[in-house]
Amino acid sequence: QVQLVESGGGVVQPGGSLRLACAASGSIFGFYTMGWYRQTPGQQRDLVATITSAGSTNYPDSATGRFTISRDNDRHTVYLQMNSLKPEDTAVYYCRFVSGLGTYWGQGTQVTVSS
């Protein structure tokens, strides 16, 4: 089992920045991927960014240049630095952990971009 604890969400004005963090604990070993997804009411959960334990990253076009994912393998923590935030970035952001044991999700953290 893997447990995920997210932090860093909140309310920010357009153009502002936020940094999300997701700390994983439990059965963590070998190769794994952590990432961030976001979801708005009535919509599917969409990819924001992923990073492997080897450091390879993946972003959709909508996040390239504004969002940066990074990780601290010693702390099993992944970060999402979000800059130049727009109102359309408002969503619940979920952390995901994938390894040979399975897929695990965090409880989600709300990000609201509003003036």
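Bear in mind the structure is a predicted one, so any value in this text is a computation, not a measurement.

Draft legend 1. Examining the overall build of the protein chain more closely. Assigned secondary structure in the protein chain consists of 0 helices and 11 strands. Reading the secondary structure of the protein chain in the N-to-C direction produces β-β-β-β-β-β-β-β-β-β-β. Radius of gyration (C-alpha) of the protein chain: 13 Å, near the 13 Å computed for a compact globule of 115 residues. Counting only C-alpha atoms, the protein chain reaches 45 × 25 × 20 Å along its principal axes. A buried classification covers 42% of the 115 residues belonging to the protein chain. Sequence separation of 24 or more characterises 51% of the internal contacts of the protein chain that already satisfy a separation of 6 or more. If you sum the accessible surface of the protein chain, you get close to 5900 Å²; carbon and sulfur atoms cover 46% of it.

Draft legend 2. Inspection of the nonpolar core at higher detail. Residues Leu4, Met34, Trp36, Leu80, Met82, Tyr93 and Phe97 are the most contacted members of the largest nonpolar core, which totals 27 residues. Elements with a minimum of two residues in this core: strand S1 (2–7), strand S3 (18–26), strand S4 (33–39), strand S5 (46–52), strand S7 (67–72), strand S8 (77–82), strand S9 (91–99) and strand S11 (109–113). Sequence-distant contacts of Met82, defined by excluding residues within four places in its chain, comprise Gly16, Ser17, Leu18, Leu20, Arg66, Phe67, Tyr93 and Val111.

Draft legend 3. Layout of the state of the cysteines. Tallying each qualifying case throughout the model produces 1 disulfide. The disulfide that involves Cys22 links it to Cys95, with 2.1 Å between the sulfurs. One quick way to see it: the torsion about the S-S bond of Cys22 and Cys95 is about -85°, and its sign makes the bridge left-handed. Linking Cys22 in strand S3 with Cys95 in strand S9, this pair joins segments that are 73 residues apart in sequence. Assessed through its relative accessible area of 0%, Cys22 is described here as buried. Classification of Cys95 by relative accessible area gives buried; the value is 0%.

Reading the values: the criteria
Residues numbered from 1 in each chain as written. Predicted model: local features only at pLDDT ≥ 70, side-chain atom pairs only at ≥ 80, totals over all residues. Heavy atoms only, no water. Helix = DSSP H or I, 4+ residues; strand = E, 2+ residues; numbered from the N terminus. Rg over C-alpha atoms; globule rule 2.2 N^0.38 Å. Buried < 20%, exposed > 50% of the residue type's maximum accessible area, 1.4 Å probe, protein only. Contact = heavy atoms within 4.5 Å. Areas by Shrake-Rupley, 256 points an atom, 1.4 Å probe, with all protein chains shown as cover. Core = buried A, V, L, I, M, F, W, Y, C linked by side-chain atoms within 4.5 Å. Disulfide = S-S within 2.5 Å.

Everything listed here is a matter of geometry and, on its own, says nothing about what the molecule does.
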